[in-house]
Amino acid sequence: MNSTPLLKVQKLSKTYGQRIGCKDVSFELWPGEVLAIVGESGSGKTTLLNCLSTRLDATSGTVEYHMRDGAYRDLARLSEAERRFLMRTDWGFVHQNPADGLRMTVSAGANVGERLMAVGHRHYGRIRDAATDWLSRVEIGADRIDDQPRAFSGGMRQRLQIARNLITGPRLVFMDEPTGGLDVSVQARLLDLIRGLVHDLGLSAIIVTHDLAVARLLSHRMMVMKDGHVIEQGLTDRVLDDPRQPYTQLLVSSILQV
Amino acid sequence: MDSLLEVSGVAKSFTMHLRDGIRLDVVRDVSFDLPRGQCVVLGGASGVGKSSILKMLYGNYGVDAGAIRIRHHDQWIDLATADPRTVLEVRRETLGYVSQFLRVVPRVSALDVVAEPLVARGMAMEDARARAAGLLDRLNLPKALWSLPPATFSGGEQQRVNIARGFITDHAVLLLDEPTASLDAENRAVVIAMIAEKKRAGTAMLGIFHDLEVRDAVADRILDVALFSAREKVA
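Here is what the cut-offs are and how they apply
- Residues numbered from 1 in each chain as written.
- Chains lettered and ligands numbered in written order.
- Predicted model: local features only at pLDDT ≥ 70, side-chain atom pairs only at ≥ 80, totals over all residues.
- Heavy atoms only, no water.
- Phe/Tyr/Trp six-rings, centres within 6.5 Å; stacked < 30°, edge-to-face > 60°.
- Helix = DSSP H or I, 4+ residues; strand = E, 2+ residues; numbered from the N terminus.
- Buried < 20%, exposed > 50% of the residue type's maximum accessible area, 1.4 Å probe, protein only.
- Lys NZ or Arg CZ within 6 Å of the ring centre and 35° of its normal.
- Axes fitted to C-alpha atoms, helices over the stretch in contact; angles between N-to-C directions.
- Parallel < 35°, antiparallel > 145°, perpendicular 65-115°, else oblique.
- Left-handed = near helix turned anticlockwise from the far one by under 90°.
- Contact = heavy atoms within 4.5 Å.
- Nonpolar A, V, L, I, M, F, W, Y, C, P; charged D, E, K, R; others polar.

Teacher, can you tell me more about the packing of aromatic side chains here?
When we look at a pair of aromatic rings, we describe it by the centre distance and by the angle of the planes. For the structure on display, the rule yields five aromatic pairs over all chains. The interplanar angle of 75° and the centroid separation of 5.2 Å between the aromatic rings of Trp91 of chain A and Phe174 of chain A together place this pair among those described as edge-to-face. Taken together, the residues Trp91 of chain A in strand S6 (residues 91-94) and Phe174 of chain A in strand S7 (residues 172-176) connect sequence positions 83 residues apart. Owing to a relative accessible area of 1%, Trp91 of chain A belongs among the buried residues under this scheme. By relative accessible area, which is 1% here, Phe174 of chain A ends up buried. Considering the side-chain rings of Phe14 of chain B and Tyr61 of chain B, the 5.2 Å spacing of their centres and the 85° angle between planes classify their relative orientation as edge-to-face. Here Phe14 of chain B is found in strand S1 (residues 3-16), whereas its partner Tyr61 of chain B is found in the loop between helix H1 (50-58) and strand S4 (65-72), with 47 residues between them in sequence. Per residue, the accessibility class of Phe14 of chain B equals that of Tyr61 of chain B, and both read buried. Geometry around Phe93 of chain A places Arg55 of chain A over its ring, the cationic atom sitting 4.2 Å from the centre.

Sorry if this is basic, but what is going on with the packing of helix H3 (residues 110-120) of chain B against helix H5 (residues 155-167) of chain B here?
Residue and element names in this part refer to chain B. In the contact formed by H3 and H5, the axes pass within 7 Å of each other and the chain directions differ by 25°. By the angle between their directions, the pair H3 and H5 is classed as roughly parallel. Of the two elements, H3 crosses H5, and the hand of that crossing is right-handed. Residues Ala110, Val113, Val114, Glu116 and Pro117 of H3 lie in contact with H5, whose contacting residues are Val161, Ala164 and Arg165. Here the contact of H3 with H5 is composed, by residue class, of six nonpolar, no polar and two charged.

See the structure below:
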């Protein structure tokens, strides 16, 4: 078992003036572990995700990342070039709206191949082969490689965004409501795909979702946020089967049964 | 006695914040050992806390007090206080659970549902599928169903998928939550034989069986959960 955490987060806070985005969040994320952050709109889960992924500067606290060379680096102290390299290679970020993570007016193949080019790949044939391979892994046919994502359905766009993120072999993927806004049948397919890829690739992932069923299916561990604070955390099935906090009990009891 | 699991002084209550903070005391002072190669059956009326005990042991429920020590490889781990990562490791390698109901994942075939615990432990997919096929065959699940996701299966068919998934590994400790509840006589007999084989292999099992025939066939000891009931004391 791998005995060093990939991410060490200590007392991470983000305030907007008097208003709290997230407050004193501390946790460790281990290799191969999937953490779900749940809570209602405005609970601070997306603020936390953005602070963790350096898309937003935290007000206080630290996020340390275990780099491939074995050293821990405080993410706030990385140079802009180092940060960008990390985001393009070792990390992925899957947005709720695929249009935020894709380039809508270039081909699917170019969308997937772009990250390889960004890290120095130059051989066109090999990039195209890798792109074709990744499209098939996210169940997009090779005959669609030259189409623009504008011509894709919502579910296909989301799968394309995932392929674009995973092609460089990242170790950590951030996902912000990856199944939000999709039909349930499309959601089920995407969830199964994410679940399979995370398992096969041994990825670590931090997934923000308001959907407890998504958290149950994908995550090992979960954190429940309310008003910027983590009010309950632990093993996913323990938090869902034996919620302790009033708010978590409310969330769990509000799930519709079918 | 050579035990693989030792439970001592475990207590469990639920505080229902949405019901004016009512506190439900379920069990207290739960203490017993689970010896290697034996099947201990939890007895007692419905609602006495049998399922709660299984869920605390597996980690779905937290505990208010006490210790749940399990022998994991060469060390003893207290599941009552272990961190999530340790609990997951123990579940993957030492502690198995056969629940009454299958939590179905969309699009995953019955064969792969059964093979998954072996794949999670590093076995090659083809080998794991071959083992899964052997078990499904033994449990008389029609071959035509193997490649289908179990969502549309009958209760008895889903339960057999679940049993195969729970029995496929050589986990040292198995928790069985009514694994035979919706099976016909022929398949009940298969499960009884499988439990007997696990015993011979040294597996320690703790189960809930409402079916008296199955219970008599598998139980080495019956533990009356009413002894631990916290409700009677309140009443």
